[in-house]
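# Architecture at a glance
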Amino acid sequence: MSDSELTDRIRNRDQQAFKMVFDKYQIKVFNTCMGFLHNKNDAEDITQEVFIEIYKSINKFRKDSKLSTWIYRIAVNKSLNFIRDNKKSNWFKSVETLFPGAKNPEITIKDNINNDPGKTIENKERAVILHKAIGSLPKNQKIAFTMNKYEDLSYKQIAEVMELSLSSVESLIHRAKINLQKKLLNYYKIN
Amino acid sequence: MNCKEVNSNLIFYIEGELQPDKKTEIKEHLQSCQDCNKLFLDIKETFTIIEKEKKIKPNPFLFTRIQQQISNLEEQKSLSVLQPNFIKILQPVTLSLLLLSGIVFGIFLGNSFQKQEQNQTIVHQTDEFYLNDFQLEKIESFLLTEE
Ligand SMILES: [Zn+2]
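Keep in mind that what you see is a predicted model, and the values were worked out from it rather than measured.

Right, let's talk about the overall build of chain A for a bit. When helices and strands are counted, chain A shows 10 helices and zero strands. The long-range share in chain A, meaning contacts at least 24 apart out of those at least 6 apart in sequence, stands at 63%. When the accessible surface of chain A is split by element, carbon and sulfur atoms take 50% of a total near 9,600 Å².

Put into structure tokens, the structure is as follows:
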């Protein structure tokens with residue numbers, strides 16, 4: 001069934017069509033949210049909000065744009081709003097998601113007794129520094145980079161979501177990488 | 001290529017975005033320069049974090065959660081749709097109840113004041129007489145003066 005047919009059906013509150021849209025887009029939405037939030041629980045909460053919004057606002061969706069573009073836009077906006085409203089605790093949460101038990105050192109050591117505890121701590125640090133670096137990018141660089149790296153969206157798709165030209169998106173991602181490199185180099189040159 | 005140049009291209013080297021000749025130059029530099037190689041490995045490792053995050057899958061019960069929330073929303077919606085209907089039904093009911101109680105109250109009032117009303121009519125009649133008298137007198141005198 002095409003996206004156009006699916007949206008028509010959702011307009012008529014067809015639950016089956018809604019489930020089909022969910023199945024088709026849930027991983028895309030979830031990955032996008034993860035790219036911004038770096039925390040499984042938060043990404044799930046926002047994914048849920050995104051699909052509720054799709055269901056509620058399907059009448060606002062105009063068919064001159066793609067359903068995927070519209071859904072990505074909702075996911076980006078909801079994620080950014082979430083970050084804006086929960087600025088403080090995000091870095092700590094991101095570590096928890098990637099390394100469950102990292103909060104409790106004893107568990108971490110026990111869990112990794114057969115692995116290499118040093119490596120886990122190292123990765124934990126790397127995750128923090130990466131998320132901090134991405135988080136400190138200017139908004140548009142952050143959006144373009146995240147959609148490209150976490151959702152593997154093409155520059156063309158990102159251009160549609162952000163309503164920018166292809167060359168603007170190319171330039172945003174290029175500058176984002178230069179900025180990230182600078183931040184990471186600054187950190188690793190001392191550490 | 002010096003260390004500074006290599007450093008500023010590391011991310012594009014890792015991302016495989018460099019021209020083949022530049023790529024070879026950096027590769028050779030990294031083999032001979034420990035400092036740059038350490039930074040290269042650090043950044044490369046850091047970027048693999050993204051790949052790890054991408055492997056995380058959402059809870060399989062996510063759709064059930066969404067469905068639950070939607071049915072809650074629909075319930076609220078149907079309640080709010082019902083509310084104006086309630087008012088529409090209630091309005092004539094309250095109106096007729098008010099009307100009915102008005103009638104009953106009116107009958108009660110009429111019964112209890114019947115005696116008083118009768119007395120009042122007598123008083124009224126005397127008043128009228130008196131007034132009429134006065135008026136007649138006035139007219140008479142007026143007629144008299146005209147004459
Ligand atoms: Zn070097």
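In terms of helices and strands, chain B carries six helices and zero strands. What you see in chain B, going N to C, is helices and strands ordered as α-α-α-α-α-α. Taking as baseline every contact in chain B between residues at least 6 positions apart, the subset at least 24 positions apart corresponds to 55%. Of the roughly 11,600 Å² of accessible surface on chain B, a fraction of 61% belongs to carbon and sulfur atoms.

The next thing to look at is the interface of chain A and chain B. Chain A puts 43 residues into the contact, and the matching count from chain B is 34 residues. Between chain A and chain B, the buried area comes to about 3,700 Å², and carbon and sulfur atoms account for 65% of it. Looking only at chain A, the three residues that lose the most surface to chain B are Gln48(A), Lys177(A) and Gln181(A), adding up to 16% of its buried area. Between the two partners, chain A and chain B, sit seven salt bridges. Between Lys149(A) and Glu15(B) there is a salt bridge, with its nearest N and O atoms 2.8 Å apart. Counting across the interface, chain A meets chain B through 19 residue pairs in polar contact (both at pLDDT 80 or more). Secondary structure elements with two or more residues in the side of chain A that touches chain B: helix 2 (15–37), helix 3 (40–57), helix 5 (90–98), helix 7 (117–135), helix 8 (139–150) and helix 10 (166–190) of chain A. Of the residues belonging to the side of chain A that touches chain B, the class tally is 19 nonpolar, 12 polar and 12 charged.

On to the coordination of the zinc ion. Residues and elements named next belong to chain B. The coordination sphere of the zinc ion, as far as protein atoms go, consists of Cys3 (SG), His29 (NE2), Cys33 (SG) and Cys36 (SG), spread over 2.1 to 2.3 Å. Taken together, the four donor atoms surrounding the zinc ion define angles of 102 to 113° at the centre, an arrangement classified as tetrahedral. The sequence pattern formed by the donor residues of the zinc ion is C-x25-H-x3-C-x2-C. Across this residue pair, the class does not change: His29 and Cys33 are buried.

One finds Phe51(A) and Ile71(A) to be the most contacted residues of the largest nonpolar core, which totals 48 residues. Of all the elements in the fold, those that place two or more residues in this core are helix 1 (3–11), helix 2, helix 3, helix 4 (67–85), helix 8, helix 9 (155–162) and helix 10 of chain A together with helix 5 (62–112) of chain B. At 11 residues, the largest contribution of residues to this core is made by helix 2 of chain A. Each of domain 1 (1–104) and domain 2 (106–191) of chain A accounts for three or more of the residues forming this core. Excluding anything up to four places from it in sequence, Phe51(A) contacts Phe18(A), Val21(A), Phe22(A), Tyr25(A), Gln26(A), Val29(A) and Ile66(B). In this structure, Ile129(A), Tyr150(A), Leu10(B) and Phe47(B) belong to the second largest nonpolar core, which totals 29 residues.

Before going further, it helps to spend a moment on empty space enclosed by the protein. Residues and elements named next belong to chain A. According to the stated counting rule, one finds one cavity of 30 Å³ or more in the structure shown. Space inside the largest cavity adds up to approximately 30 Å³. If you trace the largest cavity, you find it lined by Lys66, Ser68, Thr69, Tyr72, Gln157, Glu160 and Val161. Those elements giving two or more residues to the lining of the largest cavity turn out to be helix 4 and helix 9. Among the domains, domain 1 (1–104) and domain 2 (106–191) are the pair contributing at least three residues each to the lining of the largest cavity.

What follows is about the packing of aromatic side chains. Taken as a whole, this structure holds eight aromatic pairs over all chains when the rule is applied. Both rings, one in Tyr13(B) and one in Phe40(B), keep their centres 5.5 Å apart while their planes meet at 65°; by these two values the pair is edge-to-face. In this pair, Tyr13(B) is assigned in helix 2 (residues 10–14) and Phe40(B) in helix 4 (residues 34–54), connecting sequence segments 27 residues apart. The class for Tyr13(B) is buried, based on a relative accessible area of 15%. Put simply, the rings of Phe18(A), Phe22(A), Phe51(A), Tyr55(A) and Phe63(B) pair up and form one aromatic cluster.

Of all residues in chain A, 82% attain a pLDDT of 70 or more, and the chain-wide mean is 87. Confidence drops under pLDDT 50 across residues 104–114 of chain A; counting only partners more than four residues distant or on other chains, this segment forms seven contacts.

This part is about the packing of helix 1 of chain A against helix 2 of chain A. Residue and element names in this part refer to chain A. Put simply, helix 1 and helix 2 touch, their axes get as near as 8 Å, and they point 135° apart. In terms of orientation, helix 1 lies oblique with respect to helix 2. Here the hand of the crossing between helix 1 and helix 2 comes out left-handed. Across the interface between the two elements, Asp3, Leu6, Arg9 and Ile10 of helix 1 pack against Ala17, Phe18, Met20, Val21, Lys24 and Tyr25 of helix 2. In terms of residue class, the contact of helix 1 with helix 2 is made up of seven nonpolar, no polar and three charged.

Criteria and cut-off values
Residues numbered from 1 in each chain as written. Chains lettered and ligands numbered in written order. Predicted model: local features only at pLDDT ≥ 70, side-chain atom pairs only at ≥ 80, totals over all residues. Heavy atoms only, no water. Helix = DSSP H or I, 4+ residues; strand = E, 2+ residues; numbered from the N terminus. Contact = heavy atoms within 4.5 Å. Areas by Shrake-Rupley, 256 points an atom, 1.4 Å probe, with all protein chains shown as cover. Buried area = accessible area lost by both parts, 1.4 Å probe. Salt bridge = Lys/Arg side-chain N within 4 Å of Asp/Glu carboxyl O. Polar contact = N/O pair within 3.5 Å; in protein donor to acceptor, adjacent residues only side chain to side chain. Nonpolar A, V, L, I, M, F, W, Y, C, P; charged D, E, K, R; others polar. Donors = N, O, S within 2.8 Å, 3.2 Å for Na, K, Ca; no water. Tetrahedral: all angles 85-135°; square planar, octahedral: opposite > 155°, others 65-115°. Buried < 20%, exposed > 50% of the residue type's maximum accessible area, 1.4 Å probe, protein only. Core = buried A, V, L, I, M, F, W, Y, C linked by side-chain atoms within 4.5 Å. Domains from an automatic or database assignment. 1 Å grid on protein atoms, 1.4 Å probe; cavity = no way out; pocket = protein on both sides within 12 Å on 5 of 7 lines; lining within 4 Å. Points joined across faces, edges and corners; volume = space filled by probe spheres on them. Phe/Tyr/Trp six-rings, centres within 6.5 Å; stacked < 30°, edge-to-face > 60°. pLDDT = per-residue confidence, 0-100. Axes fitted to C-alpha atoms, helices over the stretch in contact; angles between N-to-C directions. Parallel < 35°, antiparallel > 145°, perpendicular 65-115°, else oblique. Left-handed = near helix turned anticlockwise from the far one by under 90°.

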